[in-house]
Amino acid sequence: MVVEQTYKIRGGDFTHAGDAASKVKKLLKQLDVDPRKVKSIVIALYEAEVNIVAHAWEGVISIMIDSDHIRMVLEDKGPGIADIEQAMVEGYSTASREVREMGFGAGMGLSNMKRNTDLLEITSKVGVGTTVTMVNYF
Amino acid sequence: MKIETVIELTEATLVCGDDKLEMTVERGFSSDLMSDVLTLDTEGLLLITGLANIQTIRTAEMADIRYILFVRNKKVAPEMEELARENNMVLLATPFSLFKTSGILYNHGLRPVY
């Protein structure tokens, strides 16, 4: 059985940052996925969702759940990432003060996403946007 | 350590979760950095923090953390409490600082994560 969902994300809307990850968590629980796997998936998704809210103007999260894996694609319109390799370095951050006040922006998001996923792919075009693809097997 | 003991030791008030006073926490983690909290993989964890906003509760939800102790009497907004109740969390607030709170709980046997 394949389940597909999409969620719209607004840049700067910190009140609702995490709503999509929360919905996906409930969905995976209903589908009886191993709680430890669920935790890794939603932590990676939550970090990625916060990144859209923190850096982009708007974005769409598409998830596809198959019998043995979940595929999450986060596509945003935003400033993009000039140097992805540098962005992956733990501690490197371009986050605003507002983002830091929300408890994020320490440069740990991308490494947290990598640690919690089986596959992480980032493509980006400066001034256009970023696409993050994450896959986790159950 | 029982939640009611945490309340007693830190002179905390209970914001929500009054049916869970008998529940126990094994370890404590003090942080205002939510990305750091998201790296933890510990059961029975008490999060001690000075960061009181909706993302604190969201982070706890994602990381399966059920117990949060806010320091320095940080105000818990209604939407934070609502989200915490939805996720069966216990929210506490102490007038003590992060340092004092952590010290007292550590001295009384609450273990660190690292």
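A brief look at the structure comes next. Note that the coordinates shown come from a computational prediction; the quantities given were computed from them, not determined experimentally.

1. Thoughts on the overall build of chain B
- Counting secondary structure elements, chain B contains 5 helices and 6 strands.
- Order of helices (α) and strands (β) in chain B, N terminus to C terminus: α-β-β-α-β-α-β-α-β-α-β.
- With respect to the three principal axes, the spread of C-alpha positions in chain B is 35 × 30 × 25 Å.
- Each of the 114 residues in chain B was classed as buried or not, and the buried ones make up 41%.
- For chain B, restricting intrachain contacts to residue pairs at least 6 apart in sequence, the fraction spanning at least 24 positions comes to 52%.

2. Looking at the sheet that holds strand β5 (residues 90–93) of chain B
All names here are of chain B.
- Spatially, the 6 strands line up as an open sheet ordered β1-β5-β4-β3-β2-β6, and their pairing is mixed. Each end of this open sheet is capped by a strand with a single partner; those strands are β1 (13–16) and β6 (111–112).
- Contacting β2 (27–30), β3 (45–49), β4 (67–70) and β6, helix α5 (residues 98–107) runs over the sheet at an angle of about 165° to β2.

Analysis parameters
Residues numbered from 1 in each chain as written. Chains lettered and ligands numbered in written order. Predicted model: local features only at pLDDT ≥ 70, side-chain atom pairs only at ≥ 80, totals over all residues. Helix = DSSP H or I, 4+ residues; strand = E, 2+ residues; numbered from the N terminus. Buried ≥ 20, exposed ≤ 12 C-beta atoms within 10 Å, placed from the backbone. Contact = placed C-beta atoms within 7 Å. Pairing = 2+ DSSP bridges. Axes fitted to C-alpha atoms, helices over the stretch in contact; angles between N-to-C directions.

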